[in-house]
Every structure is written in structure tokens, then in C-alpha cells.
Amino acid sequence: MPADGFRRKRKHGEDDHKTDKIEEMTRVKNINTVVLGRYEIETWYFSPYPGEFAKCSKLYLCEFCLNYMDDPLTLERHQKKCTLRYPPGNEIYRHKNLSMFEVDGHRCRTYCRNVCLLAKLFLDHKTLYYDVDSFLFYVLCEVDAQGCHMVGYFSKQPDSVDEYNLSCILTLPPYQRMGYGKILIAFSYELSKIEQKVGSPEKPLSDLGLLSYRAYWKTVLLNLLKEREQPISIKELSTLTSIKTEDIISTLQSLQLIAYKKGQHELNISPKVIADQLGGDDAKRAEKYYIHLPSLHWVPPTRTGCDA
């Protein structure tokens, strides 16, 4: 009994030591920069690239298949052989120079794992790296004569029991502050509308994520209310926008446009209040979330693509 107890204690101690060591590793940025297309990007966080790649100060990525290499000559040889010029999935949107591809994590595991490894370099709390089978990835690209260049993505589980319509979202640093994050958020809700479902981003949101979503919810809700001549309920707002009622209530509460009286929520809306909240810049704000809906061709849930 004492020996057995000692072995369990020792094993427990070893496990704790290993866990502490892993946690310590993940707090230390391991890769300083990545070369992706014409950009050399300084990274922000640790990412668990396998083997020796995790020890490289600089990684070289194929900007189309996202395979990773440790030197420029290997990348150059790879580029001569790589035939991919766009994400390996269904193109569900093309308008002007923007394109969106739906990539199935089950059918395209390698590509989706590469997306996750790249994303982890810029996301502090991302935990999904290898278990991508149950997720769909929506990759937003800028299109030119050379191909479709990834600018960002979001992922989602098609049958989320929590009604999440977005699990993870990232705009790559060279493309930030250009409105692409807003477009990705808007896309997640346009897909929910096609599904005739309400949705919400996976919780908890970071402070920055909450600000981004609050800005989207505010713009969409107030522009909708501005066009309405008749009273509207929270439920009707949810149906029209695919935004969950909880998110609508919290947004309107933050704007002091809703009150809870006699067991129900009452809207405190007037044209002047809406104009004041939008700051007279409503058209410009709404344009940031603009998606040319006739160019969106999507049937839920499309799970086709390539081999893993």
C-alpha cells in the first residue's frame, strides 16, 4: 500500500511537472516572424508547430496551401510544384476583388490545421489546432491575377447546440484596420439568415471581440429601427437580423434604449435617439459591413471539398 501510494503520488507529480512545462512553453513566443506571400509578419504568441519548426525564428509559408518550411530555398522549390491558387473548398462568394471559400475541416484536415497553426501566432486563447473535423472554415481572400490571397477567416460548427455561428475569427495583421473583420462578422450572420437560424459568437469574447461585435450589433439594429415605422419586438428584431435576443438586449441596454418594466423589455426608440446614437454617420458605418448578397451562393451545410 505505501509503495502503491508513493507511485501514484510520484506519477501525479510528474504529470503536474509536465503540465507546468507545457504551460510555460505556451507562454513564450517561439517563432518571431512568418513570411507569407509578399509580407514578413511579426508574430504575437506561441503556436505549436511540430518538431523542429517550433524552434525556427522565422517560418516560410506557402500563401496558398499554408504549408510551412524553415528556409527560403525550400519554399521556392515548393512554390514551383504547388498547384493550389485558392483555398481548397467551395467558392461561395465573389464580388469585385473579394472572394470567400468554405473549406471542410473533415475533408481538408491538413489545410485547416495549417490555418489554425497560423492563426495561433496571433490569437492568445485559441485552443483548436488539430481537431478540425467538425468545423467549417470560411476563408476570405483578395483576388488578383496570381490567385486568391488569404486575408482572414472564421470557423464554425454547423450544428452547434449553443447556437454559435462563429467559433474563431482572425484578420491577418497586414490586412487589419481595413474593414475585413467587420465583413467576416457580417458574413457569419448572412449565413445564419440563409439557414433561418439565430446565432451568436462563441463565448467568452475577448474585450476587443466584444467591442467589434457590439459595433456590428449597434449598426445593424439601429439602421433597421431607423427604417421601421411600426413598433417592433425584440423577437422580431432577432428574426430579421439572426442576432440572438440576449445580444440584442445587451446591446440596446448598453445604449440605454431599452428598459425592463412590468416583467418585459420595452424599447425607448425615437428617430432623434437613433440619429444621435448613429452620430449622423450611419451610411458610412453600414457600408463597412456591406456584402453584395447577389454574389453569395451558399446552401447549408455544404460539406464537400478535397481529401485530407
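This text follows the structure it describes.
Quick summary incoming for the structure in this document.

Attention now goes to the packing of aromatic side chains. Here a ring pair, both rings aromatic, is described through the centre-centre distance and the interplanar angle of the planes. In this structure the tally under the stated criterion is 11 aromatic pairs. Here Tyr-49 and Tyr-68 contribute two aromatic rings whose centre-to-centre distance is 4.8 Å and whose plane-to-plane angle is 80°, an arrangement assigned as edge-to-face. Here Tyr-49, found in the loop between strand 2 (39-42) and strand 3 (58-61), pairs with Tyr-68, found in strand 4 (residues 68-69); they are 19 residues apart in sequence, far enough to count as distant. Comparing Tyr-49 with Tyr-68, the two get one shared label, buried.

Turning our eyes to something else, we now look at the sheet that holds strand 6 (residues 98-104). Within the open sheet, the 5 strands sit side by side as 5-6-7-8-10. Their pairing is antiparallel. The strands lining the two open edges of the sheet, one partner per strand, are strand 5 (90-95) and strand 10 (168-171). Strand-to-strand twist across the sheet, computed as the mean angle between neighbouring axes with direction ignored, equals 25°. When strand 5 meets strand 6, the two strands line up antiparallel, connected through 5 bridges. By the bridge assignment, Tyr-93 is partnered in strand 6 with Met-100. Across the sheet, helix 3 (residues 109-120) is in contact with strand 6, strand 7 (136-144), strand 8 (147-156) and strand 10; its angle to strand 7 comes to roughly 80°. The strands that helix 4 (residues 180-195) touches are strand 5, strand 6, strand 7, strand 8 and strand 10; relative to strand 8, the one it contacts most, it runs at about 60°.

As a further point, take the sheet that holds strand 4. Strand order in the open sheet made by the 4 strands is 2-1-3-4, with mixed pairing throughout. The sheet is open, and its two edges are formed by strand 2 and strand 4, each paired on a single side. Here 4 bridges tie strand 1 (residues 33-36) to strand 2, and the two strands are oriented antiparallel to one another. Note that in strand 2 the partner of Thr-33 across the bridge is Glu-42.

Another point: empty space enclosed by the protein. Counted according to the given criterion, the structure contains 1 cavity of 30 Å³ or more. In this structure, the largest cavity occupies an estimated 70 Å³ of space. If you go around the largest cavity, the residues you meet are Leu-36, Gly-37, Arg-38, Tyr-39, Glu-63, His-149, Met-150 and Tyr-175. Across the lining of the largest cavity, the residue classes tally to 4 nonpolar, 2 polar and 2 charged.

Our focus in this paragraph is the nonpolar core. In terms of nonpolar packing, the biggest core is built from 74 residues, with Tyr-49, Met-100, Leu-118, Phe-137 and Tyr-153 touching the most fellow members. Take this core: its biggest share by element is 8 residues, from helix 4. Listed in part, the 8 residues of the second largest apolar core include Cys-62, Cys-65, Leu-75 and Cys-82.

One can find Leu-170 in strand 10. Counting along the chain gives 14 residues from Leu-170 to Leu-184, while the straight-line C-alpha distance between them is 8.7 Å. Aside from chain neighbours lying at most four places away, what touches Leu-170 is Ala-119, Phe-122, Leu-123, Gly-152, Tyr-153 and Leu-184.

Axis angle and axis distance: for two packed helices, these are the angle between their axes and the distance between the axes, and together they describe the pair. Remark: helix 5 (residues 207-227) packs on helix 7 (residues 245-254), axes separated minimally by 10 Å, with the N-to-C direction vectors making an angle of 85°. By the criterion of interaxial angle, the relationship of helix 5 to helix 7 is roughly perpendicular. Contacts between helix 5 and helix 7 involve Arg-214, Trp-217, Lys-218 and Leu-221 from the former and Asp-247, Ile-248, Ser-250, Thr-251, Leu-252 and Ser-254 from the latter. A class-by-class count of the residues in the contact of helix 5 with helix 7 yields 4 nonpolar, 3 polar and 3 charged.

Looking at where Glu-40 falls in the secondary structure, it is placed in strand 2. The class of Glu-40 is exposed, set by a relative accessible area of 51%. Counting along the chain gives 18 residues from Glu-40 to Lys-58, while the straight-line C-alpha distance between them is 9.2 Å. If we ignore the near neighbours within four places in the chain, the residues touching Glu-40 are Thr-33, Val-34, Val-35 and Lys-58. Within polar-contact distance, the side chain of Glu-40 engages the side chain of Lys-58 at 3.4 Å.

Attention now goes to the packing of helix 5 against helix 8 (residues 271-278). For the pair helix 5 and helix 8, the least separation of the axes is 10 Å and the interaxial angle reads 150°. Compared by their axis directions, helix 5 and helix 8 come out roughly antiparallel. Where helix 5 crosses over helix 8, the two elements pack in a sense that is left-handed. For the pair formed by helix 5 and helix 8, the contact residues are Lys-218, Leu-222, Asn-223, Leu-225 and Lys-226 on the first element and Ile-274, Gln-277 and Leu-278 on the second. Taken together, the residues that form the contact of helix 5 with helix 8 break down as 4 nonpolar, 2 polar and 2 charged.

Procedures and definitions
- Residues numbered from 1 in each chain as written.
- Predicted model: local features only at pLDDT ≥ 70, side-chain atom pairs only at ≥ 80, totals over all residues.
- Heavy atoms only, no water.
- Phe/Tyr/Trp six-rings, centres within 6.5 Å; stacked < 30°, edge-to-face > 60°.
- Helix = DSSP H or I, 4+ residues; strand = E, 2+ residues; numbered from the N terminus.
- Buried < 20%, exposed > 50% of the residue type's maximum accessible area, 1.4 Å probe, protein only.
- Pairing = 2+ DSSP bridges.
- Axes fitted to C-alpha atoms, helices over the stretch in contact; angles between N-to-C directions.
- Contact = heavy atoms within 4.5 Å.
- 1 Å grid on protein atoms, 1.4 Å probe; cavity = no way out; pocket = protein on both sides within 12 Å on 5 of 7 lines; lining within 4 Å.
- Points joined across faces, edges and corners; volume = space filled by probe spheres on them.
- Nonpolar A, V, L, I, M, F, W, Y, C, P; charged D, E, K, R; others polar.
- Core = buried A, V, L, I, M, F, W, Y, C linked by side-chain atoms within 4.5 Å.
- Parallel < 35°, antiparallel > 145°, perpendicular 65-115°, else oblique.
- Polar contact = N/O pair within 3.5 Å; in protein donor to acceptor, adjacent residues only side chain to side chain.
- Left-handed = near helix turned anticlockwise from the far one by under 90°.

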